Structures are given as structure tokens and as C-alpha cells.
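Each chain, written out:
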Amino acid sequence: MVAGTFTGSVIYSHAVPALLGFTGMILICNGMMDDKRNQVLAGLGLFFAAGLLPFIILPLILGI
């Protein structure tokens, strides 16, 4: 039980935000360079999700 909770918390607190943030930054940069507003907005959404999702998901996993 503890190992599963620890693994899930590490994934959702470190791996997923890093991947979402990196993907968001790539979309923001690519959208700005190509003048594609939809890519910029998708990148902003992913970047903000990377910052906010750990605060939403981790309390559910850890039972706080």
C-alpha cells in the first residue's frame, strides 16, 4: 500500500508536471513563431495545468 502511494505521488508531483510544462513551453514557443493562436492557448493551458494539477490530484491520492 505504501509503495503504491509513494510511486503515485512521485509520478503526479514530479513526472507529470515536468512533462506537461515542457510540452506547454514547446507549444507556446512554436505557436508564437508560427503565429498560431490555438497552439499558444493550448500551451498556456498545459503550462497552467502542470502547475495546478498536483494540488488537485495529490490530496486525492494521499487521502488528505
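Structure: above.
This one's a predicted model, so the numbers in the text were calculated from it and none came from an experiment.

Cut-offs used in this document
Residues numbered from 1 in each chain as written. Predicted model: local features only at pLDDT ≥ 70, side-chain atom pairs only at ≥ 80, totals over all residues. Heavy atoms only, no water. Helix = DSSP H or I, 4+ residues; strand = E, 2+ residues; numbered from the N terminus. Buried < 20%, exposed > 50% of the residue type's maximum accessible area, 1.4 Å probe, protein only. Areas by Shrake-Rupley, 256 points an atom, 1.4 Å probe, with all protein chains shown as cover. Contact = heavy atoms within 4.5 Å. Patch = residues over 30% accessible without salt bridge, like charges linked within 9 Å, V, L, I, M, F, W, Y side chains within 5 Å. Salt bridge = Lys/Arg side-chain N within 4 Å of Asp/Glu carboxyl O. Expected span 1.5 Å × (residues − 1). Bend = angle between axes of the 7 residues up to and from the residue. Phe/Tyr/Trp six-rings, centres within 6.5 Å; stacked < 30°, edge-to-face > 60°.

S.K.: Explain the overall build of the protein to me, using residue names and the numbers behind them.
M.R.: Assigned secondary structure in the protein consists of 2 helices and 0 strands. Looking at the protein residue by residue over its 64 residues, the buried ones come to 20%. By element, 77% of the accessible surface of the protein is carried by carbon and sulfur atoms, the whole surface being about 4700 Å².

S.K.: Explain unusual backbone geometry to me, using residue names and the numbers behind them.
M.R.: In this structure, Asp 35 takes a positive phi of about 55° despite not being glycine. By the element assignment, Asp 35 lies in the loop between α1 (2–34) and α2 (37–62). We classify Asp 35 as exposed; its relative accessible area is 70%.

S.K.: Can you lay out the environment of Phe 47 for me, pointing to particular residues and giving the numbers?
M.R.: With respect to the element layout, Phe 47 can be found in helix α2. On the basis of relative accessible area, Phe 47 is assigned to the partly exposed category, the value being 40%. For Phe 47 and Ile 26, which are 21 residues apart along the polypeptide, the C-alpha to C-alpha distance reads 10.0 Å. Apart from the residues within four sequence positions on either side, Phe 47 is in contact with Gly 21, Gly 24 and Met 25.

S.K.: Can you explain a nonpolar patch on the surface? Please cite residues and give values.
M.R.: On the surface, Leu 41, Leu 44, Phe 48, Leu 52, Leu 53 and Ile 56 cluster together into a nonpolar patch covering about 560 Å² of accessible area. Residue Phe 48 is classed as exposed on the basis of its relative accessible area of 54%.

S.K.: Let's hear about α2: which residues, and what values?
M.R.: A turn of α-helix holds 3.6 residues, and therefore any two residues three or four places apart point the same way. Its 26 residues place the ends of α2 37 Å apart at the C-alpha level, agreeing with the 38 Å of an ideal helix rising 1.5 Å per residue. Roughly 40° is the biggest bend found in α2, and it falls at Leu 52, with proline Pro 54 one to four residues downstream. If you check which residues of α2 are buried, you get Val 40, Gly 43, Ala 50, Pro 54 and Leu 58. Within two residues after α2, Gly 63 carries a phi angle of roughly 75°, on the positive side.

S.K.: Explain the packing of aromatic side chains to me, using residue names and the numbers behind them.
M.R.: Tallied over the entire structure, the rule returns 1 aromatic pair. Aromatic pair Phe 47 and Phe 48: ring centres 6.5 Å apart, planes at 75°, arrangement edge-to-face.

From the geometry alone we can't say anything about function, so treat these as descriptive.
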